[in-house]
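The lines below spell out each chain.
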Amino acid sequence: MERSFEDLVEEAASVSVEGWDFSWLDGRATEQRPSWGYQRVMAEHLAGAKAALDIQTGGGEVLAGAPVLPPTAVATESWPPNVAKATALLHPRGVVVVADADEPPLPFADAAFDLVTSRHPVTVWWDEIARVLAPGGRYVSQQVGPASVFELVEYFRGPQPEEVRRSRHPDDAVAGAEAAGLEVVDLRSERLRTEFFDIGAVVYFLRKVIWMVPGFTVDGYLDRLRDLDERIRAEGPFVAHTTRFLIHARKAA
């Protein structure tokens, strides 16, 4: 039997959203992946590194997927539940997990790493990345681009001003990297299809990706959730589009 709105929402509102594992959404939402395959790109760079730092590692799931890690491997994370999860996942691989507030300065010496990575950082502190990179070191990151999943954002928040829609633009990342003295050697960007098959998937996603609809609660958006539930049942999956870009920058030798 088709599950009720109340049942779907109650389940999605109570499940844990710790870490950066989206497997709970299997069969309930789909997200097209960028063609470059960030984990593969990251793993290739890690295999050739001597000392690496993964910034804002989340629950450590992406870093843990690398087959080979360098002799010195460190990860930072700010959210306490994720710090605990990343520690449990990464310590057996020899990775030191450091609780960090995600604000300058990074708690490391100058030129400490020949590789810095980050998947979907909330904020990029370019000067700090340049500082902790050794001469010839590299920064490799997949980031969320402008107006990502804004079909969903604007469904709940209404039309957003152009400066908000344009934020996280790849051109701004290039400018930030160059201003910090780094050379951008690769930049790729893609717009990708995302589908939500039931209202529970929407609730879970907004609870997990908290910056999409800041302050989101089921009670606060109950009417909009009911309307969206009816729309999905009548018309099929809610379709949105993510934007992603890959940036690879190098510090002069």
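As a reminder, the structure under discussion sits directly above these lines.
In this text the structure is predicted, and so the values were computed from the model without any measurement. (Residues numbered from 1 in each chain as written. Predicted model: local features only at pLDDT ≥ 70, side-chain atom pairs only at ≥ 80, totals over all residues. Heavy atoms only, no water.)

Chemist: Help me get a handle on the overall build of the protein chain, residues and values and all.
Modeler: Secondary structure assignment for the protein chain yields ten helices and eight strands. For the protein chain, restricting intrachain contacts to residue pairs at least 6 apart in sequence, the fraction spanning at least 24 positions comes to 69%. Just so you have it, the protein chain exposes about 12,000 Å², and 53% of that area is on carbon and sulfur atoms. Across the protein chain, 26 positive and 38 negative side-chain charges occur, with their mean positions spaced 4 Å apart. (Helix = DSSP H or I, 4+ residues; strand = E, 2+ residues; numbered from the N terminus. Contact = heavy atoms within 4.5 Å. Areas by Shrake-Rupley, 256 points an atom, 1.4 Å probe, with all protein chains shown as cover. Lys, Arg positive; Asp, Glu negative; His and termini not counted. Charge placed at Lys NZ, Arg CZ, Asp CG, Glu CD.)

Chemist: Can you lay out helix α10 (residues 222-235) for me, pointing to particular residues and giving the numbers?
Modeler: Helix length check: α10 (14 residues) gives 20 Å between terminal C-alpha atoms against 20 Å at 1.5 Å per residue, within 8%. Regarding α10, the residues found buried are L225, L228, D229 and I232. Taken down its axis, α10 places every buried residue within 105° of arc, on the same side. Opposite the buried face of α10, at more than 90 degrees from it, the exposed residues are D223, E230, A234 and E235. Check the buried side of α10 and you find it contacts α1 (5-14), α6 (150-157), β7 (182-196), α9 (199-208) and β8 (238-251). Looking one or two residues past α10, G236 carries a phi angle of roughly 100°, positive in sign. (Expected span 1.5 Å × (residues − 1). Buried < 20%, exposed > 50% of the residue type's maximum accessible area, 1.4 Å probe, protein only. Arc of directions from axis to C-beta.)

Chemist: If you had to explain the pairing of strand β4 (residues 96-99) to someone new, which residues and values would you point to?
Modeler: Bridging between strand β3 (residues 72-77) and β4 involves four bridges; their strand directions are parallel. Note on β4: the bridge partner recorded for E77 is A99. Between β3 and its parallel partner β4, the chain crosses via helix α4 (residues 80-90), and the hand of that crossover is right-handed. (Pairing = 2+ DSSP bridges. Right-handed = clockwise from strand over helix to strand, strands pointing away.)

Chemist: Residues and numbers for the environment of V41, please.
Modeler: On the secondary structure map, V41 appears in helix α2 (residues 38-47). Along the sequence, V41 and L106 sit 65 residues apart, while their C-alpha atoms lie 24 Å from each other. Ignoring sequence-local partners within four residues, the contact set of V41 consists of W36 and V140.

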